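Structure at a glance
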Amino acid sequence: MDKILFVMCSAFEVLGMHNKVKMHCCSCEADTWQQILFEKSYQYPSDEEYEHCSKSILTECCGCEQPHYRYRSWMQKKDGTEKNMEDEWVFPPKQLRKKPTWYRGFAFYSVVSTAGEGSTEKEYVWDLLREIHVSLENNCPRLGVMGLRALLEHIMVSKIDDQMPFIKNLKEFQNQGYISKMQKEALGHVLEIGHAAIHRSYNPNQVELIAALDILENLIETIYIFVEKAKQIDRNVPKRKGT
Ligand SMILES: [Zn+2]
């Protein structure tokens, strides 16, 4: 911070004026007008033709009152022209894909019911799934597919003995009835894209990450969510006489 040439406090902050900006609201899930509550800009000294600038704003959605923080940085000529290399970071980030309806319930069930059968396994599954969602929201598709591959392997090995290599695990996973033939083919693609990101420098896009996440969340729902729901139904339904 000692290299900061000067700090420009916002005119709005100094003069008490109000200003708005249109930004994506993570709560409304739409672009909304947001009140700028705080704003600060920085310029960093440089002997080069270009200098580094950044700007931070704190906003509040005019619709739902959700606060957001946005940081932008860029390089520009010293006369203020020719901006380039712009970078932007917003918190909370925009959700590219809605989380499944069971997501929060699974988190509660996995973390709170620590005394239950297989709770450590469920807690691990939930925690790694949460990290994969963070990679999606922060535009890190390579980390996302690597995480999906690791999560798939963890789920398979926790249910069957490790067959080595992965493709044999997948076959055994199907043989033991955890997945169908169609699911096996789909999960094979999840393994392959993760493998390509790790070993072949493949850089998937967000659409591919979302597709792979869809496939794996379908598996998690089948193995962990549906099983618990079926047990709940079984507990509530009166038993037949004589059985
Ligand atoms: Zn809002």
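Residues numbered from 1 in each chain as written. Predicted model: local features only at pLDDT ≥ 70, side-chain atom pairs only at ≥ 80, totals over all residues. Heavy atoms only, no water.

1. Re the overall build of the chain
Definition in use: Numbered from the N terminus, helices here are DSSP runs of H or I no shorter than four residues, and strands are runs of E no shorter than two. For each residue, the accessible area found with a 1.4 Å probe, counting protein chains only, is set against the maximum for its type, and the residue is called buried under 20%, exposed over 50%, and partly exposed in between. Any two residues whose heavy atoms approach within 4.5 Å at even a single point are treated as in contact. Working definition of accessibility: Shrake-Rupley area with a 1.4 Å probe, residue cover restricted to the visible protein chains.
Helix and strand content of the chain: seven helices and six strands. Here the chain holds 243 residues, and the buried ones make up 34% of them. Considering only residue pairs separated by 6 or more positions, the chain has 52% of its internal contacts joining residues 24 or more positions apart. When the accessible surface of the chain is summed, it comes to about 15,200 Å², and 54% of that surface belongs to carbon and sulfur atoms.

2. Structural notes on the packing of aromatic side chains
Just so we agree on the cut-off: To pair, rings of Phe, Tyr and Trp, with the six-membered ring standing in for Trp, must have centres within 6.5 Å; the planes then decide the type, stacked if under 30 degrees apart, edge-to-face if over 60, and tilted in the middle. Criterion for a charge above a ring: Lys NZ or Arg CZ within 6 Å of the ring centre, and within 35 degrees of the ring normal.
On inspection of all chains with the given rule, the structure shows six aromatic pairs. A ring pair is formed by Tyr69 and Trp89, whose centres lie 6.0 Å apart and whose planes are at 65°; its orientation type is edge-to-face. Separated by 20 residues along the polypeptide, Tyr69 in strand β5 (residues 67–77) and Trp89 in strand β6 (residues 84–91) bring together distant segments of the chain. Relative accessible area serves as the criterion here: at 29%, Tyr69 is assigned to the partly exposed category. Residue classification places Trp89 among the partly exposed residues on the basis of a relative accessible area of 42%. Its end group placed over the ring of Tyr103, Lys99 keeps NZ or CZ at 5.4 Å from the ring centre.

3. Some thoughts on the coordination of the zinc ion
Selection criterion: Any N, O or S atom lying within 2.8 Å of the metal counts as a donor, with the limit raised to 3.2 Å for Na, K and Ca; because water is left out of the atom set, some sites can appear incomplete.
Every protein donor of the zinc ion is listed here as Cys25 (SG), Cys28 (SG), Cys61 (SG) and Cys64 (SG), and their distances to the metal cover 2.2 to 2.4 Å. Counting along the primary sequence, the residues that act as donors to the zinc ion give the motif C-x2-C-x32-C-x2-C. With Cys25 in strand β2 (residues 20–25) and Cys61 in strand β4 (residues 50–61), the pair connects residues that are 36 residues apart, well separated along the chain. Side by side, Cys25 and Cys61 carry an identical accessibility label, which is buried.

4. Here's the deal with the confidence of the model for the chain
Using the following cut-off: For every residue, the predictor states its confidence as a pLDDT score lying anywhere from 0 to 100.
For the chain, per-residue confidence averages 85 on the pLDDT scale, and residues scoring 70 or more make up 87% of the total. Note that residues 1–17 has pLDDT below 50 and, in this model, 29 contacts with residues that lie over four places away or in other chains.

5. Things to note about the pairing of strand β3 (residues 30–44)
Which entries qualify depends on this criterion: Any two strands are treated as partners once DSSP identifies two or more bridges connecting them.
Where β2 meets β3, six bridges bridge the pair, whose relative direction is antiparallel. From the neighbouring strand, Lys22 faces β3, where its bridge partner is Trp33. Connecting β2 to the antiparallel partner β3 that follows it, the hairpin turn spans four residues, and Glu29 within it adopts a positive phi of roughly 55°. In this structure, β3 lies alongside β4, joined through 10 bridges in antiparallel fashion. Across the sheet, residue Phe38 finds its bridge partner in β4, namely Leu58. The hairpin turn running from β3 into β4, its antiparallel successor, is five residues long.

6. Focus: unusual backbone geometry
A cis amide bond links Phe91 with the next residue in sequence, Pro92, at an omega value of -10°. Considering the arrangement of structural elements, one finds Pro92 in the loop between β6 and α2 (103–112). Positioned with a positive phi, Glu29 is a non-glycine residue whose angle comes to about 55°. Inspection of the secondary structure puts Glu29 in the loop between β2 and β3.

7. Digging into helix α6 (residues 181–199)
Basically, it comes down to this: Expected helix span is computed as 1.5 Å times (number of residues minus one).
Between its first and last C-alpha atoms α6 spans 27 Å; for 19 residues at 1.5 Å apiece the expected length is 27 Å, and the two agree. Taken together, the buried positions of α6 are Gln183, Leu187, Val190, Leu191, Ile193, Gly194, Ala196 and Ala197. Looking at the buried residues of α6, the elements they touch are α4 (141–159), α5 (166–175) and α7 (206–236). Directly after α6, the chain includes Ser201, whose backbone phi takes a positive value near 55°.

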